[in-house]
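Listed here are the chains, written in short residue letters.
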Protein chains: 2
Amino acid sequence: MKPTITAFANSPDRGRGLARDMRVRWALEEVGQPYDVRLVSFDAMKTPEHLALHPFGQIPTYEEGDLALFETGSVVFHIAERHKGLLPDDADARARAVTWMFAALSTMEPPILDREIAVLVERDKSWSGERLPLVDGRIRNRLGQLSTRLGTSDWLDGAFSAGDLMMVHVLRRLSSSRMLEDYPNLAAYVARGEARPAFKRAFAAQLAVFTAAASGR
Amino acid sequence: MKPTITAFANSPDRGRGLARDMRVRWALEEVGQPYDVRLVSFDAMKTPEHLALHPFGQIPTYEEGDLALFETGSVVFHIAERHKGLLPDDADARARAVTWMFAALSTMEPPILDREIAVLVERDKSWSGERLPLVDGRIRNRLGQLSTRLGTSDWLDGAFSAGDLMMVHVLRRLSSSRMLEDYPNLAAYVARGEARPAFKRAFAAQLAVFTAAASGR
């Protein structure tokens, strides 16, 4: 059954593939599963209909028959469990890949998202210049640890997995900060993810949504 | 095979069950799996030996034969997959329970942890009094949405699951803020989790570590 996901009708990233639907699109492309997209406006995200699908009023959501999911970690894991290509067959390697999914979302992403708050939401605060370096310090601490663990490997634990997919997408949110330039192996790791044909197809699909919306304005 | 987890030799929470090993202990108690605990000091957490187990230098870790895991989401999921009691048998209900695990860790926990930074790390900053209400606003937004979704249900999706275990533990980190008092159904939800015999056994086990360390000082 062809699943339906939701995505921003007007993505705030202007099609740069930073919105979270990108993770789900990329996972679906990796496993070769076609999907439909329903675009939602910021207003529509606050309606009871959307909140029934996503209690926190965000995108993406994932619908497949009677099943409705939210949280990209859960959706990507669901896709990975039901198709070959995103999780290893070996049980221990599989558990480690799941570990990296959680590491991407609960260890790496929070300080990176906090940076978006510091840069965008707190821009006009008198103390934003003092807080941003503290946030950047927390991000650098995590980047240094991740860089050490990755070392000279292509991927975090053997073959490319859903753990790498999530980690690469989380790290991409740092692109405007240029912080990754200080961690060449992480920058190369992100580039390796972006070079995958499935990533490129997913990126093109979300960019096409932005381009169409922009040309229709 | 009896797994070994790591926990703080000197927990900063003084045995109040807020440290993350509590989640793993609770999960192991729910499924009736005995375990060993290795206590680690803050210095030991930065050694190459510990970083080999946990690249981000934290606790808990989970070792079971040749398998070594970190990230409580991953560890609790691993336990839940291999024993009965923490995930439903029905595939769709199982996917929804996993969704709540990710929601607890990547949607609810980040602003709650940010509050700990605002209260503890930024205490002496001139702007801490201005930032804390912004953080609290983000937490209240999420609590309101979660409260609406929970409604009058006992648990987030039918029977108690690993999703509830993670969510209850994440919400417990708000205890000192007393914010949950404004959301009676969430306060009752947390109390319902804390009343489970498995929670009580896990809580007693981690408190015993603190009590023993304190009496030995």
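Quick look at the structure, then. Computed from a predicted model, the values in this text were never measured in an experiment.

Residue and element names in this part refer to chain B. As summarised here, the arrangement of the four strands in space is β2-β1-β3-β4, forming an open sheet in which the pairing is mixed. Because the sheet does not close on itself, it has two edges, and the strands there are β2 (36-40) and β4 (67-69). Pairwise comparison of adjacent strand axes, ignoring direction, gives a mean angle of 20° for this sheet. Bridging between strand β3 (residues 62-64) and β4 involves three bridges; their strand directions are antiparallel. Considered in β4, the bridge of Glu64 is made with Leu67.

Residue and element names in this part refer to chain B. For helix α4 (residues 91-121), which comprises 31 residues, the first-to-last C-alpha distance of 43 Å matches the rise-based estimate of 45 Å (1.5 Å per residue) to within 8%. The axis of α4 is deflected most strongly, by about 55°, at Glu109, and proline Pro110 appears within four residues downstream. The backbone nitrogen of Asp92 has a side-chain oxygen 3.3 Å away, supplied by the residue at the start of α4, namely Asp90.

All right, on to the sheet that holds strand β1 (residues 4-8) of chain A then. All names here are of chain A. In spatial order, the strands read β2-β1-β3-β4; together these four strands make up an open sheet with mixed pairing. Each edge of the open sheet is held by one strand with a lone partner, namely β2 (36-40) and β4 (67-69). Looking at each pair of strands side by side, their axes are set apart by 20° on average, direction ignored.

All right, on to the interface of chain A and chain B then. Note on interface size: it is often stated as the accessible area lost on association of the parts. Taken together, the contacts link 47 residues of chain A with 46 residues of chain B. For the pair chain A and chain B, the summed buried area comes to about 3,900 Å², and 62% of that belongs to carbon and sulfur atoms. Taken as a group, Phe56(A), Phe102(A) and Trp127(A) account for 19% of the area that chain A buries against chain B, more than any other trio of residues on that side. Across the contact surface, chain A and chain B share two salt bridges. A salt bridge links Lys125(A) to Glu130(B), with the shortest nitrogen-to-oxygen separation between them at 3.9 Å. Summed over the shared surface of chain A and chain B, the number is 14 residue pairs in polar contact (both at pLDDT 80 or more). The element best represented in the side of chain A that touches chain B is helix α4 (residues 91-121) of chain A, accounting for 17 residues. Among the residues making up the side of chain A that touches chain B, the classes are represented as 24 nonpolar, 10 polar and 13 charged.

Parameters at a glance
Residues numbered from 1 in each chain as written. Chains lettered and ligands numbered in written order. Predicted model: local features only at pLDDT ≥ 70, side-chain atom pairs only at ≥ 80, totals over all residues. Heavy atoms only, no water. Pairing = 2+ DSSP bridges. Helix = DSSP H or I, 4+ residues; strand = E, 2+ residues; numbered from the N terminus. Axes fitted to C-alpha atoms, helices over the stretch in contact; angles between N-to-C directions. Expected span 1.5 Å × (residues − 1). Bend = angle between axes of the 7 residues up to and from the residue. Polar contact = N/O pair within 3.5 Å; in protein donor to acceptor, adjacent residues only side chain to side chain. Contact = heavy atoms within 4.5 Å. Buried area = accessible area lost by both parts, 1.4 Å probe. Salt bridge = Lys/Arg side-chain N within 4 Å of Asp/Glu carboxyl O. Nonpolar A, V, L, I, M, F, W, Y, C, P; charged D, E, K, R; others polar.

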